[in-house]
Amino acid sequence: MALYLITGIAGFIGSSIARGLLAQGDDVRGIDNFSTGKRDNIAEIIGRIDFREADLLNLNAVHDACRGVDYIFHEAAIPSVPKSVLDPLGSNQANVDATVHLLVAAKNAKVRRVVYAASSSAYGDTPTLPKHEAMPPNPISPYAVAKLASEYYMTSFYRCYGLETVCLRYFNIFGPRQDPTSQYSGVLARFITQMLAGDQPTIFGDGTQSRDFTYIDNTVEANLLAAKAPASQAAGQVFNVATGARVDLNETFQLLKKIIGFKGDVKYGPDRAGDVKHSLADLSRTEKYLGYKPKVNFEEGLRRTVEWYRGQQKAAKA
Ligand code: UD1
């Protein structure tokens, strides 16, 4: 049986991958410093995983965590464009320095493959849609630069040391357990929880910006596929992970209004610094080389996510 290490295991995506691995009977080790992760996210699986509370900037802890590991899913990050605009140094430490630590330790421990949570933000505002992996990157925010730098580190470790790496460029992942409480939280987590509470959400800009929102189950599947794809097709490569359809924020608000039964309206605020206007993925390479096809579409994903937050709200009131 293989041993998997998940960095950022207490995060929304890391904890979801952990559940996916446990469901297929694999052994899971996890590391998290709880900078953005939550104990609640791993509360029900903590007895079944080897959990270590540690920071990836602590190289000794990372060496320890990599010992005996077959595959790594590197999800730990400070995942926010606006936060990186306010604190580029902090973003660089968490999103780049931590990655290099992990790669050095993974190489020393002879880990078979590292699958990395890269970001669609690497494309920036390149005018061409959909975004294809062969397009030259054009990052805008410090966050996007950091995520792209880590991608290059991944590929470099494959080329220089033969450590197999696969970069998955996530396109706006959403779903149950995404933290809605910070001003830096993803827009869907924010909108859904605000609307369920009867509060008015805010659209930054005119709401015509569009995203290829991706439901978490699709993301988990892409990771499991990336770990097992033949090295000749996946090692040292970069792949988009998305739904392959885009929706703008005005349409998204209308759809949520219908699903939630929200009676209020949305308000509009100023554009957000570092924002990308449109985002849509070309999935042909991911389909061809990883065998990935998104199974849950945007609307179904929204319904499941609304249901989950509704359940959380009810449980909190009970
Ligand atoms: C970006 C990346 C995404 C990455 C994420 C990490 C792009 C295209 N996407 O997401 O791959 O995973 O960073 O955080 O670069 N908004 C509102 N009201 C709100 C909150 C947000 O209108 O209350 C708007 C934002 O201005 C933006 C859109 O919603 O236009 C999406 O924002 P957000 O969910 O924060 O993600 P991105 O910055 O697109």
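Since the structure is predicted, the reported quantities are computational estimates derived from the model, not experimental observations.

Turning next to the overall build of the protein. A count of helices and strands for the protein gives 12 helices and 13 strands. Taken over C-alpha atoms, the radius of gyration comes to 19 Å for the protein, in line with the 20 Å a tight globule of 318 residues would show. Across its three principal axes, the protein shows a C-alpha extent of roughly 55 × 50 × 35 Å. A burial count over the protein gives 54% of its 318 residues as buried. Total accessible area on the protein is roughly 13600 Å²; 51% of this is exposed by carbon and sulfur atoms. In the protein, 36 side chains carry a positive charge and 33 a negative one; their mean positions are 2 Å apart.

Relative to the assigned elements, Thr155 resides in helix H6 (residues 142–161). When sequence neighbours within four positions are dropped, the list of residues in contact with Thr155 reads Thr165 and Gly236.

Core analysis: the biggest nonpolar cluster contains 66 residues, and Phe73, Leu168 and Leu302 have the highest contact counts within it. Two domains share this core, each providing at least three of its residues, namely domain 1 (3–174 + 216–244) and domain 2 (187–210 + 245–275 + 297–317). If we ignore the near neighbours within four places in the chain, the residues touching Phe73 are Tyr4, Leu5, Ile6, Thr7, Ile17, Leu21, Val115, Asn223, Leu224 and Ala227. Leu5, Ala76, Ala105 and Leu163 belong to the second-largest nonpolar core, a separate cluster that totals 26 residues.

With respect to spatial proximity, 23 residues lie near the ligand, and among them Pro79, Val187, Thr202, Arg211 and Asp275 are the closest. One of the backbone N or O atoms of Phe204 is found 2.8 Å from an oxygen atom in the ligand. In isolation the ligand has 740 Å² of accessible area, and contact with the protein removes 93% of it. When residues of the shell around the ligand are traced back to their parent elements, those giving at least two are helix H7 (187–196) and strand E8 (202–204). Residue composition of the shell around the ligand, by class: 10 nonpolar, nine polar and four charged. In terms of domain composition, the shell around the ligand takes at least three residues from each of domain 1 (3–174 + 216–244) and domain 2 (187–210 + 245–275 + 297–317).

With that settled, consider the pairing of strand E4 (residues 71–74). Side chains of E4 alternate between two faces, with Tyr71 and Phe73 and Ile72 and His74 buried alike. Bridge analysis of strand E1 (residues 3–7) against E4 gives four bridges, and the strand direction is parallel. Paired with Ile6 across the strands is Phe73, a residue of E4. Two elements, E4 and strand E5 (residues 113–119), share four bridges in a ladder whose sense is parallel. Note that in E5 the partner of Phe73 across the bridge is Val115.

This next bit is on the domain arrangement of the protein. Segmenting the protein into domains produces domain 1 (3–174 + 216–244) and domain 2 (187–210 + 245–275 + 297–317). Computed from C-alpha coordinates alone, the two centres of domain 1 and domain 2 are separated by 26 Å. Each partner contributes to the interface: domain 1 provides 11 residues, whereas domain 2 provides 13 residues. When the buried area of domain 1 at its contact with domain 2 is split by residue, Pro82, Phe174 and Thr243 rank highest and sum to 48% of it. For the pair domain 1 and domain 2, the interface holds one salt bridge. Where domain 1 touches domain 2, the interface holds one residue pair in polar contact (both at pLDDT 80 or more).

The next subject is the environment of Ala222. Relative to the elements of secondary structure, Ala222 occurs in helix H8 (residues 216–228). Along the chain, Ala222 and Pro88 lie 134 residues apart, while their C-alpha atoms are 29 Å from each other. With residues up to four places along the chain from it excluded, the contact list for Ala222 reads Leu168, Val241 and Tyr292.

The rules behind the values
Residues numbered from 1 in each chain as written. Predicted model: local features only at pLDDT ≥ 70, side-chain atom pairs only at ≥ 80, totals over all residues. Heavy atoms only, no water. Helix = DSSP H or I, 4+ residues; strand = E, 2+ residues; numbered from the N terminus. Rg over C-alpha atoms; globule rule 2.2 N^0.38 Å. Buried < 20%, exposed > 50% of the residue type's maximum accessible area, 1.4 Å probe, protein only. Areas by Shrake-Rupley, 256 points an atom, 1.4 Å probe, with all protein chains shown as cover. Lys, Arg positive; Asp, Glu negative; His and termini not counted. Charge placed at Lys NZ, Arg CZ, Asp CG, Glu CD. Contact = heavy atoms within 4.5 Å. Core = buried A, V, L, I, M, F, W, Y, C linked by side-chain atoms within 4.5 Å. Domains from an automatic or database assignment. Near = heavy atom within 4 Å. Polar contact = N/O pair within 3.5 Å; in protein donor to acceptor, adjacent residues only side chain to side chain. Nonpolar A, V, L, I, M, F, W, Y, C, P; charged D, E, K, R; others polar. Pairing = 2+ DSSP bridges. Buried area = accessible area lost by both parts, 1.4 Å probe. Salt bridge = Lys/Arg side-chain N within 4 Å of Asp/Glu carboxyl O.

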